[in-house]
Amino acid sequence: MNLNISIEESTLKDIYDISSKLYLEMCSDKEKDHAAIFEYMTELGRTMADADRASFWKWDRHRKELWTTSATGVDKIAIPDNTGLVGRALREGKVVVTNDPYNDPDFNKDVDWMTGYTTKSVLVMPVADINGEFIGAFQIINKNGDGGFDEKEDVRKLSMAALICGLAMESETFYEESHHDKLTKLKNRMGFYSDFSRKFNKALDEGKTISLFISDIDKFKRVNDTYGHNAGDDVLSAVAFMMENSCTENESVYRWGGEEFIMMMIGASLEDSVEKAESIRKKIMATPIEADGNTIKVTMSFGCRQFDQNISIEDNISKADEHLYTAKESGRNCVIY
């Protein structure tokens, strides 16, 4: 009896420690994302269920993929969403338990082969958003001791951690969607300002230079009027794709609005931004775009500027926009700085 009390007290202490670390993490002013919540909640679930490992799997319906970064110490594990015990739990919408995984036809042995880990027991809880739509799954592996997982008791212990992961996932999804343009998949104006408050301000504080350009598609209204708005959407998506593919790790492109795009370049001079803009201009001019059954060629104009910390973000963009206006007045399909 005293041993059981000691074990319970130790477990409770672990729970308090994990909760305290998460609280302090979320209250800190350092740059963060939802990864900390998933990390601490999976650790909480592992502790509550007395298991060796735990992971939270996210369901990317668009890519038809399940992925996790917290499973076995590797950067990322991704599997098709119609495979594995996690896939089954999400397809059936119910808890899956197996204490003999290697004889379970749905168990994905490839992950063990990839990591060198031996799985003896698995419990998977599908996790839903506030509308009851499944968005991921909480998984714990290898119950400590001789017995396997008990569906009723272990699910009860895991429910709070799984619930918090679900809420965090829903919040993360909403945040990402609000910061991205639905058509082009680029970050939008809100995403730009979010990045500026963290990534670009940090670069400036570290003494790094930033250059930028604002650009737009020449005579885009004519594309819509001639070929229709579906074709116009295809052109916007194609241009966004080419611009994003041209970015290095220190460069980011945003859909500023309509047919306008902004690129920010950390550690770049004005000459670098002009060179980048000229490269993109030539690529777009030379690339036919398949748009709603039509083959369309477009050009773009660019206004470049070195970022000046002594004036506001808006004033920097406004001055780059003046150069863009000059490019338009100079015959379009050119770069002005």
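As the structure is a prediction and not an experimental result, all values here were calculated from the model.

Caption draft 1: The arrangement of the sheet that holds strand β1 (residues 51–60) in detail. What the 6 strands build is an open sheet, ordered β3-β2-β1-β6-β5-β4; its pairing is antiparallel. In this open sheet, the two strands that pair with only one neighbour each are β3 (77–80) and β4 (96–98). Direction aside, neighbouring strands of the sheet carry axes that sit 20° apart on average. As paired elements, β4 and strand β5 (residues 122–128) share 3 bridges and run antiparallel to each other. Bridge assignment links V97 to a residue of β5, and that residue is L123. Contacting β1 and β6 (134–143), helix α2 (residues 35–48) crosses the sheet at an angle of about 135° to β1. Those strands touched by helix α5 (residues 151–178) are β1, β4, β5 and β6, and its axis lies near 40° from that of β5.

Caption draft 2: The arrangement of the sheet that holds strand β12 (residues 300–306) in detail. As summarised here, the arrangement of the 5 strands in space is β8-β9-β7-β12-β13, forming an open sheet in which the pairing is mixed. In the strand order of this sheet, the two ends are held by β8 (251–257) and β13 (335–336), each with one partner. As judged from the 6 bridges shared by β8 and strand β9 (residues 260–266), these two strands associate in the antiparallel manner. The residue of β9 that forms the bridge with G257 is E260.

Caption draft 3: Up close: the pattern of salt bridges. By the definition in use, this model includes 18 salt bridges. Here D104 and R88 are joined by a salt bridge, their closest N and O atoms 2.7 Å apart. Remark: R88 occurs in helix α3 (residues 84–92) and D104 occurs in the loop between β4 and α4 (109–115); sequence separation between them is 16 residues. With respect to burial, D104 and R88 carry one shared label: buried. If you follow the salt bridges from partner to partner, you end up with R88, D104 and D106 in one network.

Caption draft 4: Main features of the side chain of E251. Within the secondary structure, E251 sits in strand β8. At 3.0 Å, the side chain of E251 and the backbone nitrogen of T248 are in polar contact. Here K276 takes part through its side chain, which lies 3.0 Å from a polar atom of the side chain of E251. When neighbours within four sequence positions are excluded, E251 is seen to be in contact with S246, M263, M264, M265 and K276.

Caption draft 5: Highlighting the pairing of β12. In terms of burial, β12 is largely enclosed, as 6 of its 7 residues are buried. With 7 bridges joining them, strand β7 (residues 210–217) and β12 adopt antiparallel strand pairing. Looking at β12, one finds that L212 is bridged to R305. Viewed along the sheet, the connection from β12 through helix α10 (residues 313–329) into β13 turns out left-handed.

Definitions and cut-offs
Residues numbered from 1 in each chain as written. Predicted model: local features only at pLDDT ≥ 70, side-chain atom pairs only at ≥ 80, totals over all residues. Heavy atoms only, no water. Pairing = 2+ DSSP bridges. Helix = DSSP H or I, 4+ residues; strand = E, 2+ residues; numbered from the N terminus. Axes fitted to C-alpha atoms, helices over the stretch in contact; angles between N-to-C directions. Contact = heavy atoms within 4.5 Å. Salt bridge = Lys/Arg side-chain N within 4 Å of Asp/Glu carboxyl O. Buried < 20%, exposed > 50% of the residue type's maximum accessible area, 1.4 Å probe, protein only. Polar contact = N/O pair within 3.5 Å; in protein donor to acceptor, adjacent residues only side chain to side chain. Right-handed = clockwise from strand over helix to strand, strands pointing away.

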